[in-house]
Amino acid sequence: NAGVTQTPKFQVLKTGQSMTLQCAQDMNHEYMSWYRQDPGMGLRLIHYSVGAGITDQGEVPNGYNVSRSTTEDFPLRLLSAAPSQTSVYFCASSYGLTKNIQYFGAGTRLSVL
Amino acid sequence: AQKITQTQPGMFVQEKEAVTLDCTYDTSDPSYGLFWYKQPSSGEMIFLIYQGSYDQQNATEGRYSLNFQKARKSANLVISASQLGDSAMYFCAMSTFGNEKLTFGTGTRLTIIP
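Now for a description of the structure that goes with this document. In this convention, every chain numbers its residues from 1, walking through the sequence in written order. A letter from A marks each chain and a number from 1 marks each ligand, given out in the order of writing. Given that the model is predicted, a residue must reach a pLDDT of at least 70 before its local features are reported, and side-chain atom pairs must reach 80 or more before they are shown or counted; all residues, however, enter totals for whole chains, interfaces and linings. Side-chain measures here rest on the full set of heavy atoms in the structure, leaving out hydrogens and waters.

Glancing now at the overall build of chain B. Runs of E in the DSSP output that reach at least two residues are strands. Runs of H or I that reach at least four are helices, and both are numbered from the N terminus. Scanning chain B for helices and strands turns up zero helices and twelve strands. Its helices and strands in sequence order give chain B the pattern β-β-β-β-β-β-β-β-β-β-β-β, from N to C terminus. Radius of gyration here uses only the C-alpha atoms, and the compact-globule reference equals 2.2 Å multiplied by the residue count raised to the power 0.38. In terms of overall dimensions, chain B is globule-like: its C-alpha atoms have a radius of gyration of 14 Å, near the 13 Å expected for 114 residues. Across the 114 residues in chain B, those meeting the buried criterion constitute 50%. We get accessible surface area from the Shrake-Rupley algorithm with a probe of 1.4 Å; when it comes to residues, only the shown protein chains can shield them. A total accessible area of about 5,400 Å² is found for chain B, and carbon and sulfur atoms account for 49% of it. Taking the average place of the 9 positive charges on the side chains of chain B and the average place of its 10 negative ones, the gap between the two points comes to 4 Å. Partly exposed residues are those whose accessible area sits between 20% and 50% of the maximum for their type, while under 20% is buried and over 50% is exposed, using a 1.4 Å probe and protein chains only. Asp and Glu count as negative and Lys and Arg as positive, but His and the ends of the chain are not part of the count. To locate a charge, take NZ of a lysine, CZ of an arginine, CG of an aspartate or CD of a glutamate.

Quick look at the structure:
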């Protein structure tokens, strides 16, 4: 049972570099989302998708891009990394029904120097 | 807008005792779901328990139960017979029906003392 798979687990970037955080799920979930977790602030929603071809912004979308070309994959792109984007990033997926239980990947710890 | 408040940044509990983690929420939507997640030191987010706003009974999952008091807008997590493996961060979260976005609280760090 793979569930939600995130790669890489750790990444160090220099300011201004770009990169893509990968997220894949094998549960045929329609709904996928990206969160960031900062100390003392819980998890905050960056972007989400209710199905292939449909994405929308969450609470903290600035500096991030997403696309959803398939049901399985939902990559998160950092266009020009900034130290403020140092965080732990979680991808999650769910069926998106009334009982919307979201299942999380193991997370990506990103440091921007 | 939805809001989740967890007022206990940290708690210390003796092993085998029961523990209650507090969570209050705020929403104007009558249809919503409440969730608890556990985050151990390894970092992953583990779903524990769910309560729907129209559920008549409090949710239970093994040693976890959710004390849902709708009028007070509280959804406290109760862990019975705590174990050393229960030491972790615990997050309360909510979403409204038809809107899959989860809003999280800031979490409570629970430490179980042997």
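In this section: the pairing of strand E6 (residues 46-52) of chain B. All names here are of chain B. The buried count for E6 comes to five of seven residues, which makes it a mostly enclosed element. With six bridges connecting them, strand E5 (residues 32-39) and E6 associate as antiparallel partners. Each residue of the ladder has a partner; that of tryptophan 36, found in E6, is isoleucine 49. DSSP calls a pair of strands paired once it identifies at least 2 bridges connecting them.

Here is a general trend for soluble globular proteins: nonpolar side chains tend to be buried in one another's company. Within the largest apolar cluster, 25 residues are counted, with the highest numbers of intra-cluster contacts made by B:Tyr25, B:Leu34, B:Trp36, B:Ile49, B:Leu77, B:Tyr90 and B:Leu110. Taken together, the elements giving at least two residues each to this core come down to strand E2 (10-14), strand E3 (19-21), E5, E6, strand E8 (64-69), strand E9 (74-79), strand E10 (88-96) and strand E12 (108-113) of chain B. By nonpolar core we mean a set of buried residues, namely Ala, Val, Leu, Ile, Met, Phe, Trp, Tyr and Cys, connected to one another through side-chain atoms within 4.5 Å.

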